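Single-letter residue listing:
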Amino acid sequence: MIPAAFEYAAPDSIDEAIALLERNDDAKLLAGGHSLLPLMKLRLAAPSLLVDLRRVSGLDGIEEANGEIRIGGMVTHAAIERSDLLVRRAPLLPAVAATIGDVQVRNRGTIGGSLAHADPAADLPAAVLALDAQLVARGAAGERVVSAADFFVDLLTTALDPGEVLTEVRVPVPGMGSGSAYAKFPNPASHYAIVGVAARVDMQDGRVREARVAVTGATATAYLSAAAAARLQGSSGDAAAIAEAAGLAAEGREMLEDLSASAAYRAHLVAVQARRALAEAVAAAG
Amino acid sequence: MTTQERPPKLIGEPIKRREDPRLITGQGSYVDDLQPLGTLHLVIVRSPYAHARVTGIDVSAARNAPGVVAVLTPEDVQQSTEPVPVAAQLEGMHMPLRHALTGGEVKFVGEPVVAIVAEDRYLAADAAELVEVEYEELPAVIDPEQALEGGPLVHDELGTNLCVVSPIGDAEAAARAIEGAEVVIKQRLMNQRLIPNPIEPRAVLAHYEPGPGTLTVWSSTQIPHLLKTLLSACARVPEQLVRVVAPDVGGGFGCKLNVYPEEILAALASRRLERPVKFVETRQENYVATIHGRDLIGHLELGAKRDGTLVGYRIKVIADIGAYQHLLTAAIPTLTALMLQGVYKIPALAGEIVEVFTNKTPTDAYRGAGRPEATYYLERGMDLLAAELGMDPVELRRKNFIGAGEFPFDTQTGLVYDSGDYDAALDKALAIVGYDDFRSEQARLREAGRYLGVGFSTYVEICGVGPSSALPAGGWEAGTVRVERTGKVTVLTGVSPHGQGEETSFAQIAAERLGVGIEDVTVIHGDTAQVSAGIGTFGSRSLAVGGTALVMSLDKIEAKAKRFAAHAMEVQADDLEFEAGQVFVKDAPEKTISLPEIATLAYNAVDLPPDTEPGLEATSYYEPGNFTFPFGTHVAVVEVDTDSGAIDLQRFISVDDCGNIINPLIVEGQIHGGLAQGIAQALYEEAVYDANGQLLSGSLMDYAVPRADQLPSFELATTVTPTGVNPLGAKGVGEAGTIGSTPAIVNAVVDALAPLGVQHIEMMLRPERVLDAIQAAKGGAR
Ligand SMILES: Cc1cc2nc3c(=O)[nH]c(=O)nc-3n(C[C@H](O)[C@H](O)[C@H](O)COP(=O)(O)OP(=O)(O)OC[C@H]3O[C@@H](n4cnc5c(N)ncnc54)[C@H](O)[C@@H]3O)c2cc1C
């Protein structure tokens, strides 16, 4: 609860921020601080320098261009929740953001911070996986784009290099006949997901053209269940197909085990929540 | 006097709490807000092990760290202070004492080992990281039943983990009754360990001033006067030189009804360094180093006739008290024993309370303190019995109620219930919930595969604590009323509210009696230099006991004011009536004299009535003749999701009878908070240790203190059955919500799942546990 001493910088530009990261080995970016500061207070993290992104311009927009929506890395959960554009064009993101923590957390926490932190129980990773988002990373060497499916590497580990800033999340706008839903089973204490399943279903002529089933909270990193998606594809999205697909969503995955849920119970919850998310997504696509 | 002049009625009115504007606009003053010039900060190095021998302590690096002023070690502290005080001492009890710092063998995670005092809190925390303590880990015992059966010893020198056994009731009669009963229920019932979680963790600021030799201690405490006496002994400062102040206190729930090592350490450090020394607990420390609550296993046997008439009740209770006794630790489970009989006529009853040491944080009073456990056991027992008999749980309860005409009622546990009307509260609750309609709706939804349940808890509790014979340091309370020269009124009380609202309710009483505006009354509490004597706030006692001391002082003020008035008006005091701040002649009510006028006479003292001292101030000590026994009916309506095991608490109805009500808003507030905690015991809160004695639920991220959105909108009602124990007729309401609610939830969940064959689920009702119970009842795996 009492952090170790650290230096603080609040640069105006992204290049300055990157330069500061380059120059200081154990520097850390600071966004909303709602994951980093708790760790520092417990002295589980003790960066020598915090590089605060809040003054860096150009990281807080939500805009549509060329069939995709671009969300700046510093956009807060609350801004996502309240964005008319997102509510209309990619409603899964606001739906997921609305389930995060509480009002204070949503006012401070950012999409960049959440994805970069990669907490196994965080909600937004499931959303970006289900939406097949592209994540833009910028470092000293320039900019690169990583697909959400390749971004989450391991527990609290992403494809970002220590010197990179996650500047933007690009979400392809789902087409007509697409439906999505998020089914979260929250931890009653932290309100993070014990299990959360984000589902997106694209329907065409009464058949599932494509399905994406993203699971968070259950394993070391959020993941897409290819098996569940495959089972659903081509089906009419009927209850039986959904139940079978949901039953596959935990398959082959090593479930986390902690105070809130055993591994077996988590696997069970993945199926239950996947069934609920898929049913809702199919209904929304209808 | 005319009716227009009469000031508004205040007693019984829903006056908004006067303390709230200050507290919710950040103008309160908590210990951590106080920053006397030169304040030093104290940080503790704690044991990371549940049980270990300390083989070496090296503080040299910490001593030399920037900003460090002093480092206190166990050896030093053991020589300079007395042990952490234990007030509740039961017959035959083992009482291993500890000092504020432990050197030889640490016995729970979080036990203080070294204290650092530095110029600021950050430097102190940095230096704490430089302290090197060598430990040799020893086997820990975590499970109390294992501790009794020859597990590792917490205290080697005792040769046993058994602390004390306390019997109650007539064991032979209970055994006979149960053997002869037509139906017997046997059930093990866990009342799990809880963490009190006040929003303000503990905090203390000690300031020794070498000139006058005084020690002033600001502490976030519920018991400033007791703390003054005990701290004086522990820190070896004569009591008359010690002043304790409880400033605004952000909740206590019983966990600040204690004397803690850090209070002793801050006092010692301040005396040594002759500077103010502050300790503020982190939330993480609060989880391991502040007392816990509950943790009682009950082995219940309940015997009845086929028609539901109770014939006998026997229970063995194993109380896991953790590694040491704190101030009242050992006494808390005995409150469970006292309240075993609940609201029923039970011809034969016996209990045995077995208190056991384990390598966990010590337990002590936590809101409800003993009564939630007693209520849980009996109210779960009644539902188990109803299920066994195929009887409606409401009908079974009603059949065995102590009748409204049977008070005062002598219990098998030696108490005398003052007053009650258990049917009235039950009737009201049934009407609110719409019981008959619910049952048909429940049946209809079951057809559709939905599982709704309703659960009842008809409780009685004990408060207004209490006769002094029941407490190790006295159960009286003191209160002073001073009419100032201007006629304004100062009330000083020995209770120490920390969220209960007595700054409002006591002012209502005083203002109405003296006929002044509520804004003309100030209630002062929590400062031993201003309030001459007191016990404190706990055991739902503040109004019933402290309020009565206030009433006694108001009576004295009234009598003395009459003497002044009689003298001035040249009439007999007996001919005068005191009403609403005016003294008037009974037969000539137009002749009046007002309170400010009387105050002027009393303080100018030019023309004193015979045998009358100047001044208009009175102090009273009230010693209650009995406890008070509030009661009520709580009802929960739940729906269980049989796919996930999640519980949706849809309704919660609470009908409470706390006797006469001074301020219904405050009563509602107390019930709301109590319900939140009692419901949370069933649904959300459980302190879980691993086998090595590490607290797994060691933070707010793992231990669920419920948020508003995790609870339904409560449906409250009251019945009013005054007590004859005190002149206010008030019983107390601080804990009732916690006491009644928990079993209602569990009963509702079991009721919902009864068609699936579920008979019982242990708290807390984690979804996983609920699902397991469903699967087990179905006889299969998930
Ligand atoms: C009480 C509480 C409840 C919560 N409940 C939930 C919940 O239910 N669901 C949920 O998903 N989350 C929850 N959170 C987490 C919250 O959403 C965090 O805010 C979020 O995970 C991190 O975002 P941040 O902006 O606060 O990041 P910070 O804490 O500032 O940073 C987190 C990490 O990411 C790095 N970082 C930040 N921004 C960038 C960037 N643009 N590029 C590269 N690296 C970056 C930082 O260096 C740091 O390592 C909760 C948090 C709290 C305190």
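Nothing here was measured: the structure is a model prediction, and the numbers come from that model.

**A few points about the overall build of chain A**
1) Next: Helix and strand counts for chain A come out as 12 helices and 14 strands.
2) Next: A compact globule built from 286 residues would reach a C-alpha radius of gyration of about 19 Å, and chain A, at 19 Å, matches this within 12%.
3) Next: With respect to the principal axes defined by its C-alpha atoms, chain A has extents near 55 × 45 × 30 Å.
4) Next: The proportion of buried residues among the 286 residues of chain A is 53%.

**Here's the deal with the pairing of strand 5 (residues 112–118) of chain B**
Residue and element names in this part refer to chain B.
1) Next: The element strand 5 is extensively covered by neighbouring structure, given that 7 of its 7 residues are classed as buried.
2) Next: With 6 bridges connecting them, strand 1 (residues 40–46) and strand 5 associate as antiparallel partners. In the strand pairing of strand 5, Val45 is matched with Val114.
3) Next: Looking at chain direction, strand 3 (residues 68–72) and strand 5 are connected through 4 bridges and run antiparallel. Bridging from a neighbouring strand, Val71 pairs with Ile116 of strand 5.

**Regarding the interface of chain B and chain A**
1) Next: Listed per partner, the contact involves 22 residues of chain B and 16 residues of chain A.
2) Next: Element by element, the count of residues in the side of chain B that touches chain A is highest for helix 4 (residues 121–128) of chain B, at 4 residues.
3) Next: Here the side of chain B that touches chain A is composed, by residue class, of 10 nonpolar, 5 polar and 7 charged.

**Considering unusual backbone geometry**
1) Next: In this structure, B:Pro408 follows B:Phe407 across a cis peptide bond, with omega equal to -5 degrees.
2) Next: Position of B:Pro408 among the secondary structure elements: in the loop between helix 12 (393–400) and strand 16 (409–410).
3) Next: With a phi close to 55 degrees, A:Ala118 is a non-glycine residue in the positive phi region.
4) Next: Along the polypeptide, A:Ala118 turns up in the loop between helix 7 (111–117) and helix 8 (124–130).
5) Next: You can call A:Ala118 buried: it has 22 C-beta atoms within 10 Å.
6) Next: Unlike most non-glycine residues, B:Ser540 shows phi in positive territory, near 45 degrees.
7) Next: Here B:Ser540 lies in the loop between strand 21 (521–525) and helix 16 (542–569).

**A closer look at the environment of B:Ala350**
Residue and element names in this part refer to chain B.
1) Next: By the secondary structure assignment, Ala350 is in strand 15 (residues 349–357).
2) Next: In sequence terms Ala350 and Arg294 are 56 residues apart; their C-alpha atoms lie 20 Å from each other.
3) Next: Every residue in contact with Ala350, bar those within four places of it in the chain, is listed here: Ile168, Gly169, Asp170, Ala171, Ala174 and Arg314.

**Quick look at the sheet that holds strand 28 (residues 715–718) of chain B**
Residues and elements named next belong to chain B.
1) Next: If you trace the 4 strands from one edge of the open sheet to the other, you get 18-26-27-28, paired in mixed fashion. In this open sheet, the two edge strands, each paired with only one partner strand, are strand 18 (451–460) and strand 28. If you compare each strand with its neighbour and ignore which way they point, the axes differ by 15 degrees on average.
2) Next: Here strand 26 (residues 631–640) pairs with strand 27 (residues 647–657) via 10 bridges, running antiparallel. Bridging across to strand 27, Glu639 finds its partner in Asp648.
3) Next: Running at roughly 135 degrees to strand 27, helix 18 (residues 664–683) makes contact with strand 27 and strand 28 of the sheet.

**Digging into the nonpolar core**
1) Next: Formed by 350 residues in total, the largest nonpolar core has its most connected members in A:Val197, A:Ala198, A:Val213, A:Leu278, B:Ile116, B:Ala510 and B:Val749.
2) Next: With 13 residues, the top contributor of residues to this core is helix 12 (residues 263–285) of chain A.
3) Next: Residues in contact with B:Ile116, not counting those within four places in the same chain, are B:Leu42, B:Val43, B:Ala62, B:Val68, B:Val71, B:Ala124, B:Ala127 and B:Ala128.

**Description of the environment of B:Phe631**
Residue and element names in this part refer to chain B.
1) Next: On the secondary structure map, Phe631 appears in strand 26.
2) Next: On the basis of neighbour count, Phe631 is assigned to the buried category, with 29 C-beta atoms found within 10 Å.
3) Next: It is 29 Å that separates the C-alpha atoms of Phe631 and Val165, two residues lying 466 residues apart in sequence.
4) Next: Ignoring anything within four residues of it in the chain, the contact list for Phe631 reads Val343, Gly420, Tyr422, Ala425, Tyr459, Val460 and Asp657.

**Here we look at the site of the ligand**
Residue and element names in this part refer to chain A.
1) Next: In the vicinity of the ligand lie 34 residues, with Gly32, Gly101, Gly109, Gly112 and Gly113 positioned nearest.
2) Next: Elements that contribute at least two residues to the shell around the ligand include exactly strand 2 (27–30), helix 2 (36–41), helix 6 (103–108), helix 7 and strand 10 (165–172).
3) Next: It is helix 7 that provides the largest number of residues to the shell around the ligand, a total of 5 residues.
4) Next: Partitioned by chemical class, the residues of the shell around the ligand number 15 nonpolar, 15 polar and 4 charged.

**Describing the pairing of strand 7 (residues 142–147) of chain A**
Residue and element names in this part refer to chain A.
1) Next: Little of strand 7 is tucked away, with 0 of its 6 residues classed as buried.
2) Next: Sheet analysis places strand 6 (residues 134–139) next to strand 7, joined by 6 bridges and oriented antiparallel. Each residue of the ladder has a partner; that of Leu135, found in strand 7, is Val146.
3) Next: Connecting the antiparallel pair strand 6 and strand 7 is a turn made up of 2 residues.

**Considerations on the domain arrangement of chain B**
All names here are of chain B.
1) Next: Per the domain assignment, the segments of chain B are domain 1 (3–27 + 476–622), domain 2 (38–138 + 199–251 + 256–289) and domain 3 (293–466 + 626–778).
2) Next: Computed from C-alpha atoms alone, the centre-to-centre distance between domain 1 and domain 2 is 40 Å.
3) Next: Between domain 1 and domain 2, the contact holds 15 residues from the first and 15 residues from the second.
4) Next: Residue classes in the side of domain 1 that touches domain 2 are distributed as 5 nonpolar, 9 polar and 1 charged.

**Some remarks on the domain arrangement of chain A**
Residue and element names in this part refer to chain A.
1) Next: As assigned here, chain A comprises domain 1 (7–52), domain 2 (62–172) and domain 3 (178–285).
2) Next: Centre-to-centre separation of domain 2 and domain 3, based on C-alpha positions: 20 Å.
3) Next: Across the contact, 24 residues belong to domain 2 and 22 residues belong to domain 3.
4) Next: Of all the secondary-structure elements, those providing two or more residues to the side of domain 2 that touches domain 3 are helix 5 (92–97), helix 8 and strand 8 (152–154).
5) Next: Among the elements that take part in the side of domain 2 that touches domain 3, helix 8 stands out by supplying 5 residues, more than any other.

The rules behind the values
Residues numbered from 1 in each chain as written. Chains lettered and ligands numbered in written order. Predicted model: local features only at pLDDT ≥ 70, side-chain atom pairs only at ≥ 80, totals over all residues. Helix = DSSP H or I, 4+ residues; strand = E, 2+ residues; numbered from the N terminus. Rg over C-alpha atoms; globule rule 2.2 N^0.38 Å. Buried ≥ 20, exposed ≤ 12 C-beta atoms within 10 Å, placed from the backbone. Pairing = 2+ DSSP bridges. Contact = placed C-beta atoms within 7 Å. Nonpolar A, V, L, I, M, F, W, Y, C, P; charged D, E, K, R; others polar. Axes fitted to C-alpha atoms, helices over the stretch in contact; angles between N-to-C directions. Core = buried A, V, L, I, M, F, W, Y, C linked by C-beta atoms within 7 Å. Near = placed C-beta within 6 Å. Domains from an automatic or database assignment.

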